[in-house]
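What the coordinates show
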Amino acid sequence: MADRLSAREFLALVTADFTELPAPARESTPDGPLGWQGYDAARARAAERTGEDESVVCGTGQVEGTRAVLLAFEFGYLGGSLGVRTGDRLEAAYTYARAHRLPVVPLVATGGSRMQEGMLALTQLQRVARQSALTREAGLPQIAVLRDPTTGGGWATLGAGADIVLALPGAQIGFAGSRVRPPDADPRAYTAEAQVAAGAVDAVVRPEELRETLGRWLRLLTGSSTRAAPVPRTPGHSVAHDTAGLPTTDAAPEASGCDGTAARHDVPAAADDAGEAHDPGAPALGSTTPRPDIPADTSADEDAGEAHDPAPTPHLPRTGWEAVQRARSPRRPRADRYLDDYFTHRVTVSGDRCGGTDPGMLCGFGEHAGRTVAYAAQTGTATRPAGYRTAARLIRLADRLGIPVLTLVDTPGAANDAEAERQGAGAAIAEVFGAVASARTPVTTLLIGEGGSGGALALAAPGNTWATPNSYFSVIAPESAAAILKRPPEETEATADQLRIRPQDLMELGVVRADSRRS
């Protein structure tokens, strides 16, 4: 890639009303702090060539309706390198952002620290890191856009230190610049695409889509709310299609429903058809359906499900094993359908910032009923350590920005292969437990399928977890429990009953919520 737009040309890609902030004044000694011969002449040539008097242009601008502080690097000015005056301007810009409660958007194109200023240039990274940390503590989002190239300390602070990292296609990104890498280094490892695969960058965005994408991110990340995310409904699908040709059963004995009423369990008994006879758009157990005359999110109550009328109790599994079959059915809705149904639009958070990604954990931010909700959703696979670390990253960011979180639980359990252990499975799961436990922002959880032991429980909000009729939650898989107890395979179904893993069992045990009204 050869993105060589000037700083101001690049600013014009993302905003139409850029206003530059005044640059702090600083006296400079001849040829800089080191007396580097020819440094003044080099700066003069760079200024003449670019029209800038330093390597960064700082100011404010509206990006699709959201005002932000923009930090645009001028690569034509000494390779966009960071010197003392660069640090002055960045510090002043971050300070302005905090004073005016504005998000910060670094538009990075740099080769790193300026060697003509030696260690004084290198220590600017500490200044930048502190300003970024103070801005983070102030609850303001930072979204970096990586241009070509982004290397050295600029990548390690302004780039990788941001909350969300976007990159232009083919941009060279890496801590090591092209002239200081090992001679046998694979150049493909230092690209935007490789950094996405390694979990260090969230997305690659084409220049023509950058303003819209950046604007969407800014709107979502500045949309704080104190109210919990409403519980999603099961995405609707055709009952006639699901039940066509299936055997029917007589009405099962009544059992306690989620709202205290009696619930009939009219579900097919066949294993392959488990869970297919529920109502379209069925609510979570004990949740509520919206009243048409009251907007779902206008209640002053911070809890999920307010301003709703109780929904009809859905059909529930008669046995523990039936609950397992229904949760494992390939025909029930998965996380992507829930998310598509729940959000007007959404953006994706990708990567654990430790070298990994997990397609089995969907994370991001979306708009629901006019406000921002963060989400972390398992897709039914065994969750990898990278997935847990990404979810923990998402929850911590949402908590810092005051954005409510929705988690969808659906996994047979955490990945338990040797590679998962080498990748730190236990520590990764602990991160999620800790993120949920310490979150000040409200967290809402919906169990949509399998709830396999601690690998599922890590994402569940204590006291605000709900369950769909096609789900189960268990301390261990029934098959594994039977094997540990040295029972024959034919006793697996009885073991599932003993574990009390059905949704209605979970309500009786107090593991999932049974009523949406606050007690």
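The following refers to the structure shown. Here, residues in each chain are numbered from 1, in the same order as that chain's written sequence. Local features in a predicted model are, by the rule used here, given only for residues with pLDDT of at least 70; side-chain atom pairs are given and counted only at 80 or more, and totals for whole chains, interfaces and linings are based on all residues. Based on all heavy atoms of the structure, the side-chain values leave hydrogens and waters out of the count.

1. Structural notes on the overall build of the chain
We count it as follows: Secondary structure follows DSSP: runs of H or I at least 4 residues long count as helices, runs of E at least 2 residues long count as strands, and numbering of each begins at the N terminus. Buried residues are those whose accessible area, probed at 1.4 Å on protein chains only, stays under 20% of the maximum for their type, while exposed residues exceed 50% and partly exposed ones sit between those limits. Here, two residues are considered to be in contact whenever any of their heavy atoms come within 4.5 Å of each other. Accessible areas in this description were obtained via Shrake-Rupley with a 1.4 Å probe; residue shielding takes into account the shown protein chains only.
Along its length, the chain carries 18 helices and 19 strands. Expressed as a percentage of its 519 residues, the buried residues of the chain come to 54%. Pairs at least 24 apart in sequence give 73% of the contacts found in the chain among residues at least 6 apart. Just so you have it, the chain exposes about 21200 Å², and 53% of that area is on carbon and sulfur atoms.

2. Things to note about helix 11 (residues 335-342)
Just so we agree on the cut-off: Directions drawn from the helix axis to the C-beta atoms are what define this arc.
What helix 11 keeps buried is the set Ala 335, Tyr 338, Leu 339 and Tyr 342. Along the long axis of helix 11, the arc covered by the buried residues comes to 95°, so they all point the same way. For helix 11, the elements touching its buried residues are strand 13 (345-349), strand 14 (361-368), strand 15 (371-378), strand 16 (405-411) and strand 17 (443-452).

3. Let's talk about the nonpolar core
Short version of the rule: We define a nonpolar core as any set of buried Ala, Val, Leu, Ile, Met, Phe, Trp, Tyr and Cys residues linked to one another through side-chain atoms lying within 4.5 Å.
Core analysis: the biggest nonpolar cluster contains 58 residues, and Trp 217, Phe 365 and Val 432 have the highest contact counts within it. Element by element, the count of residues in this core is highest for helix 12 (residues 385-401), at 8 residues. Among the nonpolar cores identified, the runner-up in size contains 29 residues, and Leu 125, Leu 158, Ala 171 and Ala 192 belong to it.

4. Details of the side chain of Thr 234
Counted only if it meets this: Definition of a polar contact: a pair of N or O atoms within 3.5 Å, with one able to donate and the other able to accept a hydrogen when the atoms are protein atoms, and with sequence-neighbouring residues admitted only if both atoms are side-chain atoms.
Relative to the helices and strands, Thr 234 is located in the loop between helix 8 (207-221) and helix 9 (239-243). Classification of Thr 234 by relative accessible area gives buried; the value is 5%. Of note is the side chain of Thr 234, whose polar atom sits 3.3 Å from the side chain of Tyr 338.

5. Describing a nonpolar patch on the surface
For the record, the criterion: In this analysis, a patch consists of residues with relative accessible area above 30% that form no salt bridge, clustered at 9 Å for like charges and at 5 Å for the nonpolar side chains Val, Leu, Ile, Met, Phe, Trp and Tyr. Should a side-chain nitrogen of Lys or Arg be within 4 Å of a carboxyl oxygen of Asp or Glu, the pair is scored as a salt bridge.
Together, Leu 34, Trp 36 and Met 115 line one region of the surface with nonpolar side chains, adding up to about 340 Å² of accessible area. Examined against the element boundaries, Met 115 turns out to sit in the loop between strand 4 (104-110) and helix 4 (118-122).

6. Topic: the pattern of salt bridges
A full pass over the atoms with the stated rule returns 33 salt bridges. Arg 318 is the partner of Glu 322 in a salt bridge, and the nearest nitrogen-oxygen pair spans 3.6 Å. Relative accessible area serves as the criterion here: at 5%, Glu 322 is assigned to the buried category. Of the residues examined, Arg 318 reaches a relative accessible area of 29% and is grouped as partly exposed. A salt bridge links Asp 399 to Arg 440, with the shortest nitrogen-to-oxygen separation between them at 3.5 Å. Here Asp 399, found in helix 12, pairs with Arg 440, found in the loop between helix 14 (425-438) and strand 17; they are 41 residues apart in sequence, far enough to count as distant. On the accessibility criterion, Arg 440 (68% relative accessible area) is exposed. When salt bridges that share partners are traced, they join Arg 26, Asp 88, Glu 91 and Arg 127 into one network.

7. Notes on unusual backbone geometry
Here Asp 148 and Pro 149 are connected by a cis peptide whose omega angle stands at -5°. Structurally, Pro 149 can be placed in strand 5 (residues 143-151). If you check the backbone angles, Arg 353 has positive phi at about 65° while not being a glycine. Considering the arrangement of structural elements, one finds Arg 353 in the loop between strand 13 and strand 14. Residue classification places Arg 353 among the partly exposed residues on the basis of a relative accessible area of 27%. The residue Ala 369 is not glycine, and still its phi comes out positive at about 50°. With respect to the helices and strands, the residue Ala 369 is situated in the loop between strand 14 and strand 15.

8. Details of the packing of helix 12 against helix 14
In a pair of packed helices, the angle between the axes and the distance between the axes together describe the arrangement. The following threshold applies: All axes here are fitted lines through C-alpha atoms, helices being fitted over the stretch that makes contact, and every angle between N-to-C directions spans 0 to 180 degrees. Small angles under 35 degrees read as roughly parallel and large ones over 145 as roughly antiparallel, with 65 to 115 read as roughly perpendicular and the rest as oblique. Note on convention: the crossing is left-handed when the near helix lies turned anticlockwise from the far helix by less than a right angle, right-handed when the turn is clockwise.
One can describe the packing of helix 12 onto helix 14 by two numbers: an axis separation of 8 Å at closest approach and a directional angle of 20°. Classified by the interaxial angle, the pair formed by helix 12 and helix 14 is roughly parallel. Read as a crossing pair, helix 12 and helix 14 show a hand that is left-handed. Here helix 12 contributes Pro 385, Tyr 388, Arg 389, Ala 391, Ala 392, Ile 395, Arg 396 and Asp 399 to the contact with helix 14, which in turn contributes Ala 425, Ala 428, Ile 429, Glu 431, Val 432, Ala 435, Val 436 and Ser 438.

9. Re the packing of aromatic side chains
Formally: By convention, a stacked pair of Phe, Tyr or Trp rings (six-membered ring in the case of Trp) has centres within 6.5 Å and planes under 30 degrees apart, an edge-to-face pair has planes over 60 apart, and any other such pair is tilted. Put simply, a charge is over a ring when the Lys NZ or the Arg CZ is close to the ring centre, within 6 Å, and near the line of the ring normal, within 35 degrees.
Considering all chains together, one arrives at 3 aromatic pairs under this definition. Through successive ring pairs, a cluster of aromatic residues spans Tyr 342, Phe 343 and Tyr 375. When the ring centre of Tyr 39 is taken as reference, the NZ or CZ atom of Arg 43 above it lies at 4.1 Å. For Arg 181, the ring lying beneath its charged end belongs to Tyr 190, and the centroid distance is 3.7 Å.

10. Observations concerning helix 8
Note the cut-off: Expected span, for any helix, means 1.5 Å times one less than how many residues it has.
Here helix 8 contains 15 residues, and its C-alpha end-to-end distance of 21 Å stays within 8% of the 21 Å for a straight helix at 1.5 Å per residue. For helix 8, the complete set of buried residues consists of Leu 210, Leu 214, Gly 215, Trp 217, Leu 218, Leu 220 and Leu 221.

11. Digging into the packing of helix 1 (residues 7-14) against helix 8
It is the contact of helix 1 with helix 8, at a shortest axis distance of 7 Å, that shows an interaxial angle of 60°. Put simply, helix 1 runs oblique to helix 8. Along its contact with helix 1, which presents Phe 10, Ala 12, Leu 13 and Val 14, the element helix 8 presents Pro 207, Leu 210, Arg 211 and Leu 214.

12. So, the layout of surface pockets
Quick reminder of the rule: The distinction between a cavity and a pocket rests on a 1 Å grid over the protein atoms alone: a 1.4 Å probe fits inside a cavity but cannot get out, while a pocket stays open yet meets protein on both sides within 12 Å along at least five of seven lines, and a residue with an atom within 4 Å of a point counts as lining. Grid points are joined across faces, edges and corners, and a volume is the space filled by probe spheres set on the points. Each residue receives one of three labels: charged for Asp, Glu, Lys and Arg, nonpolar for Ala, Val, Leu, Ile, Met, Phe, Trp, Tyr, Cys and Pro, and polar for the others, Gly being one of them.
Its boundaries defined by the atoms lining it, the largest pocket holds a volume of some 620 Å³. For the lining of the largest pocket, the elements supplying multiple residues, two or more each, are strand 5 and helix 6 (152-159). Within the lining of the largest pocket, the residues separate by chemical class into 8 nonpolar, 12 polar and 2 charged.

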